[in-house]
Amino acid sequence: MPTASLIPATLTDVPTSVPPTHTPAGLPAPADMVPTHTATPASGAALIAQDPVANALVGIAQREVAQELDVPQQRVELIEVIAVTWTDSALNCPLPDQTVTPMEVGGYRILLEAGGRDYVFHTDFDRVVRCDLANEALPTAESTFEVTPETTP
């Protein structure tokens, strides 16, 4: 059996540095490329599509309601999801006799509907807390940005 021979080495040119090219006048500067309008916060289904954390937290809340009512999760409708900065350790939904520490906590207010009844949840990025409307305290407008309600398909 013959032995295969290697391809012989060839001489290659050593690359030389290339001088910078001239930039034509009249092109926008990087600062000119910054948008001048403020983006509107994503809403409802758009928010959960863009934010995997919001999506996961809404799913947890929907599963909790579905299990309680013994219905399929698809029957639990997302009415509203709002990104919120809560003002205390209880996510503005204290339980009776609960010690509450003032602090800013980022999260969401989730409103669901199932079986003709509304369900409210307050979340941070680790917890999903069902909130009785009698105990709910919404933060002021300065600490919340409103998201337009949308329902999921």
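Preceding this paragraph is the structure being described.
Residues numbered from 1 in each chain as written. Predicted model: local features only at pLDDT ≥ 70, side-chain atom pairs only at ≥ 80, totals over all residues. Heavy atoms only, no water.

Q: Can you walk me through unusual backbone geometry in this structure?
A: Here the phi dihedral of Leu91 falls at roughly 55°; this positive angle occurs in a residue that is not glycine. Inspection of the secondary structure assignment puts Leu91 in the loop between β1 (77-88) and β2 (102-114). Residue classification places Leu91 among the buried residues on the basis of a relative accessible area of 0%. At Asn92, a residue that is not glycine, the phi angle is positive and equals roughly 60°. (Helix = DSSP H or I, 4+ residues; strand = E, 2+ residues; numbered from the N terminus. Buried < 20%, exposed > 50% of the residue type's maximum accessible area, 1.4 Å probe, protein only.)

Q: Honestly, the state of the cysteines in this entry has me stumped. Any pointers?
A: Here, the word disulfide means a covalent bond between the sulfur atoms of two cysteines. As enumerated under the stated definition, the model contains 1 disulfide in all. Disulfide pairing is shown between Cys93 and Cys131; the S-S distance is 2.0 Å. Measuring handedness by torsion sign, the sulfur bridge of Cys93 and Cys131 sits at about 105° and is right-handed. Here Cys131 lies in the segment after β4 (128-130) and Cys93 lies in the loop between β1 and β2, a separation of 38 residues in the sequence. (Disulfide = S-S within 2.5 Å.)

Q: In this structure, what is going on with the sheet that holds β1? I would like to understand it.
A: Hydrogen bonding along the main chain pairs the strands of a sheet, whether they run parallel or antiparallel. Spatially, the 4 strands line up as an open sheet ordered β1-β2-β3-β4, and their pairing is antiparallel. The open sheet has two edge strands with one neighbour each: β1 and β4. Going across the sheet, the axis of each strand differs from the next one's by a mean of 25°, ignoring polarity. Alignment of β2 against strand β3 (residues 117-123), held across 7 bridges, turns out to be antiparallel. When the sheet's bridge partners are listed, Arg109 is paired in β3 with His122. (Pairing = 2+ DSSP bridges. Axes fitted to C-alpha atoms, helices over the stretch in contact; angles between N-to-C directions.)

Remember, this is a structural readout, not a statement about activity or role.
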